[in-house]
Amino acid sequence: MAERHSTGLLMMMLEPNPAIAMTLPAEVREKLAELELELSEGDITQKGYEKKRGKLLAPFIPQIQGVDPSLQVDHRIQASSQVVPPGPKHSKARAVNSRDERFRSDLHTEAVQAALAKYKDRKVPMPSKRRSVLVQSSVEACTPPDTSSASEDEGSLRRQGRVTSSSPPYQAHPSVEHWFNRVIQCSSTSSSASSTSSHPGGRGQHSGNTTSASAATVLADLMAHTQLDNHFAPPDVTGLSEHSQFAEHPQVAPVRGLPRGYTHTGSAMETADGVPVNSRVSSKIQQLLNTLKKPKRPPLCEFFVDDFKELLDAQLPDPNQPKAEGVQMSPLRGEPLALVSSSASLLASLQRWGSTQPKSPCLTALDNAGKPVYTLTYGKLWTRSQKLAYTLLNKLSTRNEPLLRPGDRVALVFPNNDPVMFLVAFYGCLLAELVPVPIEVPLTRKDAGSQQIGFLLGSCGVTLALTTDACQKGLPKAQTGEVATFKGWPRLLWFVTDGKHVGKPPKDWSPPLRDARSDPAYIEYKTSKEGSTMGITVTHAAMLAHCHVLTQACGYVEGETITNVLDFKRDAGLWHGVLTSVLNRMHVISIPYSLMKVNPLSWIQKVHTYKARVAVVKSRDMHWSLLSQKDQRDISLSSLRMLIVADGANPWSISSCDAFLNVFQARGLRPEVICPCASSAEAMTVALRRPPEMGVPPPGKAVLSMSRLSYGVIRVDTEEKLSVLTLQDVGQAMPGALVCVVRPEGTPCLCRTDEVGEICVSSSSSGSSYFGLPGMTKNVFEMVPVTASGSPASDRLFTRTSLLGFVGPDNLLFVVGKMDGLMMVSGRRHNADDVVATALAVEPMKFVYRGRIAVFSVYVLHDERIVVVAEQRPDASEEDSFQWMSRVLQAIDSIHQVGVYCLALVPANTLPKAPLGGIHVSETKQRFLDGALHPCNVLMCPHTCVTNLPKPRQKQPEVGPASMIVGNLVAGKRIAQACGRDLAQLEDNDQARKFLYMQDVLQWRAQATPEHSLFLLLNAKGTVASTASCLQLHKRAERVSVALMEKGRLNPGDHVALVYPPGIDLIATFYGCLYAGCVPVTVRPPHPQNLATTLPTVKMIVEVSKSVCILTTQAIMKLLKSKEATAAVDVKTWPMVLDTDDLPRKKTPQMYKPPTPETLAYLDFSVSTTGILAGVKMSHAATTALCRSVKLQCELYPSRQIAICLDPYCGLGFALWCLCRTPVHSGPAPGVGE
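It should be emphasised that the depicted structure is a prediction, and the values quoted were computed from it without experimental measurement.

### Topic: the overall build of the chain
Move 1: A count of helical and extended segments in the chain gives 44 helices and 42 strands.
Move 2: Relative to its full complement of 1234 residues, the chain shows a buried share of 50%.
Move 3: Considering only intrachain contacts with a sequence separation of at least 6, the fraction spanning at least 24 residues in the chain is 74%.
Move 4: On the chain, roughly 59100 Å² of surface is accessible, and the fraction owed to carbon and sulfur atoms is 54%.

### Observations concerning the sheet that holds strand β32 (residues 900–906)
Working definition: the strands of a sheet are paired by backbone hydrogen bonds and lie parallel or antiparallel to each other.
Move 1: Pairing in this open sheet of four strands is mixed, and the strands run β30-β31-β32-β33 from one edge to the other. The sheet is open, and its two borders are formed by β30 (848–859) and β33 (937–940), each paired with just one other strand. For this sheet, the mean angle separating the axes of adjacent strands, direction not counted, is 15°.
Move 2: Summarising the sheet, strand β31 (residues 864–872) and β32 pair through six bridges and their orientation is parallel. The residue of β32 that forms the bridge with Glu871 is Val906.
Move 3: Along the sheet face, helix α30 (residues 878–896) touches β30, β31, β32 and β33 and points at about 35° away from the line of β33.
Move 4: Helix α31 (residues 921–930) rests against β30, β31 and β32 of the sheet, and its axis sits at about 65° to β30.

### Comments concerning the packing of helix α25 (residues 619–627) against helix α26 (residues 653–664)
Move 1: The interhelical angle for the contact between α25 and α26, taken along N-to-C directions, is 40°, at an axis separation of 9 Å. Of the possible angle classes, the one that applies to α25 and α26 is oblique. When the axes of α25 and α26 are compared, the crossing they make is left-handed. For the pair formed by α25 and α26, the contact residues are Ser619, Met622, His623, Ser625 and Leu626 on the first element and Ser653, Ser656, Cys657, Ala659, Phe660, Val663 and Phe664 on the second.
Move 2: Looking at side-chain class alone, the contact of α25 with α26 contains seven nonpolar, five polar and no charged residues.

### Notes on the sheet that holds strand β14 (residues 561–564)
Move 1: Taking strand neighbours across the sheet as the criterion, the nine strands line up as β5-β4-β15-β14-β16-β17-β18-β19-β22 in an open arrangement whose pairing is mixed. The strands lining the two open edges of the sheet, one partner per strand, are β5 (372–377) and β22 (732–733).
Move 2: Bridge analysis of strand β16 (residues 614–617) against strand β17 (residues 642–645) gives four bridges, and the strand direction is parallel. Of the residues in β17, the one forming a bridge with Val614 is Met642.

### Examining the pairing of strand β8 (residues 409–413)
Move 1: In terms of burial, β8 is a largely internal element, four of the five residues being buried.
Move 2: As judged from the five bridges shared by β8 and strand β9 (residues 435–439), these two strands associate in the parallel manner. Across the sheet, the residue bridging to Val410 is Pro436, located in β9.
Move 3: Traced from β8 through helix α18 (residues 419–431) to β9, the parallel crossover comes out right-handed.
Move 4: Two elements, β8 and strand β10 (residues 464–467), share two bridges in a ladder whose sense is parallel. Residue Ala411 lies in a different strand from β10, and its bridge partner there is Ala465.

### Thoughts on the pairing of strand β41 (residues 1173–1179)
Move 1: Pairing of strand β40 (residues 1160–1167) with β41 involves seven bridges; the strand directions are antiparallel. When the bridges of β41 are listed, Tyr1162 appears paired with Met1178.

### Describing the packing of aromatic side chains
Move 1: Using the criterion set out here, one finds 18 aromatic pairs in the structure.
Move 2: The interplanar angle of 35° and the centroid separation of 5.9 Å between the aromatic rings of Phe422 and Phe426 together place this pair among those described as tilted. Here Phe426 and Phe422 lie together in helix α18, a separation of four residues that amounts to about one turn.
Move 3: Assessed through its relative accessible area of 0%, Phe426 is described here as buried.

### Focus on a positive patch on the surface
Move 1: Taken together, the side chains of Lys47, Lys51, Lys52 and Lys55 present a region of like positive charge at the surface.
Move 2: The residue Lys47 is located in helix α4 (residues 46–57) in this model.

### Points about α25
Move 1: Here α25 has its buried residues at Ser619, Asp621, Met622, Ser625 and Leu626. Projected down its long axis, α25 carries its buried residues within an arc of 160°, all on one side.
Move 2: Where α25 is buried, its residues touch α23 (593–598), α24 (602–610), β16, β17 and α26.

### Regarding the state of the cysteines
Here a disulfide denotes one covalent bond, and it connects the sulfur atoms of two cysteines.
Move 1: For the coordinates displayed, the defined rule picks out zero disulfides.
Move 2: The thiol of Cys677 is unpaired, and the distance to the nearest cysteine sulfur, on Cys554, comes to 8.1 Å.

### Regarding the confidence of the model for the chain
Move 1: On average, residues of the chain carry a pLDDT of 77, and 72% of them reach 70 or more.
Move 2: This model gives residues 63–279 a pLDDT under 50, and the stretch forms 274 contacts once residues within four places in sequence are excluded.
Move 3: Contacts of residues 302–306 to residues separated by more than four positions or lying in other chains number ten contacts, the stretch itself having pLDDT below 50.

Cut-offs applied
Residues numbered from 1 in each chain as written. Predicted model: local features only at pLDDT ≥ 70, side-chain atom pairs only at ≥ 80, totals over all residues. Heavy atoms only, no water. Helix = DSSP H or I, 4+ residues; strand = E, 2+ residues; numbered from the N terminus. Buried < 20%, exposed > 50% of the residue type's maximum accessible area, 1.4 Å probe, protein only. Contact = heavy atoms within 4.5 Å. Areas by Shrake-Rupley, 256 points an atom, 1.4 Å probe, with all protein chains shown as cover. Pairing = 2+ DSSP bridges. Axes fitted to C-alpha atoms, helices over the stretch in contact; angles between N-to-C directions. Parallel < 35°, antiparallel > 145°, perpendicular 65-115°, else oblique. Left-handed = near helix turned anticlockwise from the far one by under 90°. Nonpolar A, V, L, I, M, F, W, Y, C, P; charged D, E, K, R; others polar. Right-handed = clockwise from strand over helix to strand, strands pointing away. Phe/Tyr/Trp six-rings, centres within 6.5 Å; stacked < 30°, edge-to-face > 60°. Patch = residues over 30% accessible without salt bridge, like charges linked within 9 Å, V, L, I, M, F, W, Y side chains within 5 Å. Salt bridge = Lys/Arg side-chain N within 4 Å of Asp/Glu carboxyl O. Lys, Arg positive; Asp, Glu negative; His and termini not counted. Charge placed at Lys NZ, Arg CZ, Asp CG, Glu CD. Arc of directions from axis to C-beta. Disulfide = S-S within 2.5 Å. pLDDT = per-residue confidence, 0-100.

As structure tokens, this is what we get:
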């Protein structure tokens, strides 16, 4: 009861009855009206409104606290049903819209609506218009009780349940008129205040009464923001009672404009939504309501035009940029595909070999030690695939219905070290006419890209996943012991394909073996540049045609042995090691990735052991084998006739190929054996260098200008230059294929012969579509290239390969990059692989942990900006990190002529990994955008790459008075400039205003507050290393000035270099120079372990600043003149060097007084990230103004403590360390020392 009583008292305080409202002072009523306006405009929240309104009404609450709450409510209800007397006529026009049109802003309205929508999504209570206490409803359902005669019984129950649920027991019969009048009277203060503010003469007469027009306006305003339908908010069950559940129809009370005997059978009208209802609302009010529903306001697009894009500096094309000069190319046709008279389908080949050659080896699996664990024969593959197909079709059922039907998709979840079970499951699905979808094994619930894989499975309608017993035991489990449901994945039924779970088919059962057709055979997944996963559908006909194409291009024959190092679930590993090998009865030696990590030379050992004729590898595997080849001597690669480099499309694979050939040529490897190839998930194999015995031209090599390639133009360059790209060809087009190169942007127009574009292929051996994505399928798989005149270049449809390249001499294809790694920066193309290669080439080359670098681009100011993220070694120091980052920036700027927006270093093994150990670039980019990357070192360089900053706005000459400025701002116009506050008028200390120079301020502080602590220097352990008060700093500065005048014999105006580590000595010597009239120059001391790089910078600043003396410590002075320093600079050319460790204890005889405030105070030197030295001259007037502005902006007071983690040598760090402490007179500043 106490809780309910307090709630009622609070509501009475916020909703005073009319009698109390009439007795409120006029000032209170005006303030209440202003609060109403702010709440309706969204300028104040509901909570803030109630708080402010409660404060205004607090002085008047004691007047009603002695009255029984129930009587107050009854009194309020009775008053609400009284007839409201008419008011002045002139208030009608003003009451229509109390909002002043001078402050109208659709931009502000849109921002408020967006904020409300945001809060709505967060399920946070939102501000809304005030409504009756008796009707507790949501904003969406804030409607009066329905008076429609249709569905009377049903509607009455809903109305009564809603009204009575929030009413006390004694209010079981409130009327519709009472509901309207409650709203009108609760809003009367707002209407009266608006009228009296516009018409001062009517203040006394209109203070407590409201006209019928204003009441109708409030009613129309309320109804305009409600929905007149039958959708109500759920009743508040906490307020229900046994007396209020099934109330009768409310009694109708007299209302102005309505006869006393008015009943529910009124004339039919339409609401603003066009729904016919029977209402007692008059036609004039309804007409006003319809008018308010359609305000005569221009839409936002007409009212405010955002000219931000026009203000950006337009990137005009370079008039000197190279342009393509060759003729337009024509589609390149590959060699004819020979007629094959073998099996009509791949499954028919499997049946043939399983029946005629059952003991022929098909696949040999290895363990992590490199030993063969199982050899699968063609007979075993055929029988085990039959058993699995029979089990999938006949043994899996739900409610006496088969779980799978022909054409259904099935997920294959097998680890990379179990190719045997994958091969059986893959061909078992094909025999059962199911569509296998191979995916990676999810190790955790937060695997990179796992949610996108789940989206693919859901879009494919996958309900069953095949796996092994060992793999299923390693999957994450739920509390019930079942396999956990991964984020974004559909619910899957997991089936183990081991022998004990598979049934034997009857003797009379045989799988259907059909000819190659256009039905889907399998779906291979691909991850796009943005991180989305798509499924590429490969038909049975395309699968068989691709096997025939590879057989002809590679010269495969029956019984050959092939070593496969790639992932057998996708790409070239699947095409060569699972499909084409079965067509030709080849023996595959599968090398698991786990074995390659332990023994990178294992694939070469198996080539030697099994006398393999073909090996399918990546350039990464060739590079790894070079690192461990010294331990192996008795190996020979003379049996190889083809070494297929699957990632030959990577331009930087040529270095691994050349290095591998140089090392292993002495062990039987022939140069012509290395055969790079280019492939894509959409077009499958695009090009392949043929073996030499097939009569093909010799391999090609191109040295191209990287600068010209960024413009899409091919220009041959010499290898002596730095910015060149050396390419190797990827061979000829595949048999039966038609290849063309089109421009990657805009209309797919054929490129010129010296122009780089996207390679497109038309072949029967490519993918057919993106599963479930018809729009993207049409753009990628059904592309029609056009000529310069706009006519189609061919009558065949082409497939985009996402490979950027060109056709070179002898019809050889060259690939310079991929569309996924393409970054368009200021109209120039840059390849992510090229930037990675440049970063890895920076010394020290082993700084990056295992070469793990991710390069991508982000949009900033309508253009792409390059971001480099790398994993640093665990033992790398912060100094080494920033030195390496600075070198990377310089290297990328000089080689690629492009700036880096951000370079971030993260700890080792923290970037998201791909299934085979590489970096998941799209997930890394998403973490960068979400702020979840957590780097340990960051170097932002927006000034070097953001070159299209907005143009300065022109000052509007017509802007005059403040009202005009406010009006322009509200209307959406932007002013040209902004000015800060005047410092001369805001200085609150008259004593401090008398001092114009820093040394005077320090001297005054030493006299006024001598014991006030200014500095606390912390060491690396976080403990206080040293402190300095105002008096201590003043005395140490005096001793420095005496040393300068007596030991150094310096004159006022001489420049003095201060070479100190961050600490009190640097600050004391700075003010000592000012006491002596010298000009201090703060210089970062050289690093003892890297003098070759840091000491020349010190020497350069000393020489450029024309310093006649160097102040430093004894340790640094010895370092400047050491033998190690001799190798970097000429130590004999140093100016006079004085150490300040032992200073004379004397006072300054006379303080130096600058003649004018414009006299030079100090020099501020800084070195940019690109190695450019810049110096700024700071006068005494500018120094004092800087300190005062920082004090004002940062609100620095004597009680404030500031933690400074910046270097005290230039810019803001120097100002906070050496300047702002003394004139601001703040608390101690903890500085971080060495």
